[in-house]
Each structure stands twice: as structure tokens, then as C-alpha cells.
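# Close look at the chain arrangement
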Amino acid sequence: FSYRGWRLAVAGFAVIALGVIGYIVSGYVQQGIDQAESELVSLIEQEKLPQGEDGRLGSVTARIEMWRVSMLIFRDNPLWGVGRGNYTGAARKYVERGDVHFEVAEHGHPHNAYLEMLVSKGIAGLSVFLVFLFYPLAHFWRTRVRAPDTALAGVVLITGFALFSLTDASTYIKGNFISIFLVYLAVLFSWHARYRRAREG
């Protein structure tokens, strides 16, 4: 993150090369990427959910369908949502009406932390969640000049959780994930503040 010029280009190339090597060497990685691509292509080209012989969805299309029902739930409960832990019951109503695939009601959350907040807490909850997530990120970024190393560690932590939260809600509804995030965030905040004071003094 601190590289410039040719060093940045080399680092970028190394990251891409590592991804390509991982795809070539690992059959598990290759299978997952190929399956995701196949499901997305089928969904876009056929304009309907690709299903297996048992009528079930793949991992990617199941998530897309869960995200779709989440938006339907939010549309009908925009301000405060349906309450924590009520995604399954709320989704079941749309399954019974034939609006969405039955599989969406077999999960406890929509596999997206932002949509989970919209469903369970509405606009109010999502607003609080975004402040909770991005205020520390903005603080680390604004103060990076005086303490670039500790600021970078904080930015990487929050960005990693924010990105992972696009495809999973466990990051902020499961105790183990929350504990890891809060402990690391507290340590990095403290470290960053001490480092800044030392540099400014």
C-alpha cells in the first residue's frame, strides 16, 4: 500500500500472478470459480434461476435470491425492519406467495451483512451500522500521515471485514467474528493513538 511507481506495478502483478497460480494449482479453487461463473452466466443468459435436478440452487444463485427477498422484506418494512433473527420467517411469506425460490427460507440470514441490517433493523439500523463500520476507517485514513503503519493496519482490518460482509452476515451477527473485530479494532486504535502522540511529541 505504500509502494509507488514501478514497485506498485510489480506488487500488482505479483497479486494477479498469485491468483492465477492458485486457480491453476488448486482444483478446489478452480471448481469454485468455475461454478460461480457458470451460475452467473446461466442466470444472465436465461434470465431465470438455474436449478439442479433436485430443484435446488447453487451457492451463487442462492445468495442472489436471498438478496432479492431481502430487498422485498425491506421494501415492506423500511424504517425498523422485521427484528433480529426474523429473516427466515419473513422470507417464508414470500416463498408461500411464489415470489422467490423456496431455498431462501432455509437460511438464518441473507448472507450479506448490509442486507441483514436492512432486514432486521431497517434504515435506522443500517445507518448506525455504517457509522460503526466506517467512522473508524475514516479516522485511520485521515490520520495516516503522522502514523502510516498503524493507520494501514486499521484500514486493512476494516476493509477486510467490510468486503467479506458483502457475501456473509456472520461477520456482525456471530459472537466469534464480532469479538475478533472489536478486540483487533480496540488494539489498533490504542496503538495508533500512542504512535501518533509519540510522533507528534
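To be clear, the structure that these remarks concern was listed above.
Read on for a plain summary of the structure. (Residues numbered from 1 in each chain as written. Predicted model: local features only at pLDDT ≥ 70, side-chain atom pairs only at ≥ 80, totals over all residues. Heavy atoms only, no water.)

## Thoughts on the pattern of salt bridges
A full pass over the atoms with the stated rule returns 5 salt bridges. When the shortest N-O distance is used, the salt bridge between Glu-65 and Arg-68 registers 3.0 Å. With a gap of 3 residues between them, Glu-65 and Arg-68 both fall in helix α3 (residues 59–76), about one helical turn apart. Assessed through its relative accessible area of 38%, Arg-68 is described here as partly exposed. The partner of Arg-75 in a salt bridge is Asp-76, with the nearest N and O atoms 3.2 Å apart. A relative accessible area of 39% places Asp-76 in the partly exposed class. Bridged by salt links that share partners, the residues Arg-56, Glu-103 and Glu-106 form one connected network. (Salt bridge = Lys/Arg side-chain N within 4 Å of Asp/Glu carboxyl O. Helix = DSSP H or I, 4+ residues; strand = E, 2+ residues; numbered from the N terminus. Buried < 20%, exposed > 50% of the residue type's maximum accessible area, 1.4 Å probe, protein only.)

## A short note on the side chain of His-192
Structurally, His-192 is set in helix α8 (residues 175–200). With relative accessibility at 0%, the residue His-192 sits in the buried group. The contacts of His-192, once residues within four sequence positions are left out, are His-139, Phe-140, Thr-143, Ala-147, Thr-150 and Ala-151. (Contact = heavy atoms within 4.5 Å.)

## Quick word on a nonpolar patch on the surface
A grouping of Ile-16, Val-20, Ile-21, Ile-24 and Val-25 is seen on the molecular surface, where their side chains present a nonpolar patch of about 530 Å² in accessible area. Tracing the sequence through the fold places Ile-24 in helix α1 (residues 6–25). (Patch = residues over 30% accessible without salt bridge, like charges linked within 9 Å, V, L, I, M, F, W, Y side chains within 5 Å. Areas by Shrake-Rupley, 256 points an atom, 1.4 Å probe, with all protein chains shown as cover.)

## What about helix α6 (residues 148–164)?
Spanning 17 residues, α6 covers 24 Å between terminal C-alpha atoms, matching the ideal 24 Å at 1.5 Å per step. Taken residue by residue, α6 has Thr-150, Ala-151, Gly-154, Val-155, Leu-157, Ile-158, Phe-161 and Ala-162 as its buried positions. The arc that holds every buried residue of α6, seen down its axis, measures 160°, which confines them to one face. In α6, the exposed residues that point more than 90 degrees away from the buried face are Asp-149 and Leu-163. Turning to α6, the residues buried within the fold contact α5 (113–142), α7 (170–173) and α8. (Expected span 1.5 Å × (residues − 1). Arc of directions from axis to C-beta.)

## As for the environment of Leu-157
Its place among the elements puts Leu-157 in helix α6. Accessibility expressed as a relative area gives 13% for Leu-157, which makes it buried. Sequence separation between Leu-157 and Leu-137 is 20 residues, and the spatial gap between their C-alpha atoms is 9.0 Å. For Leu-157, the residues in contact, after removing those within four places along its chain, are Phe-181, Tyr-184, Leu-185 and Leu-188.

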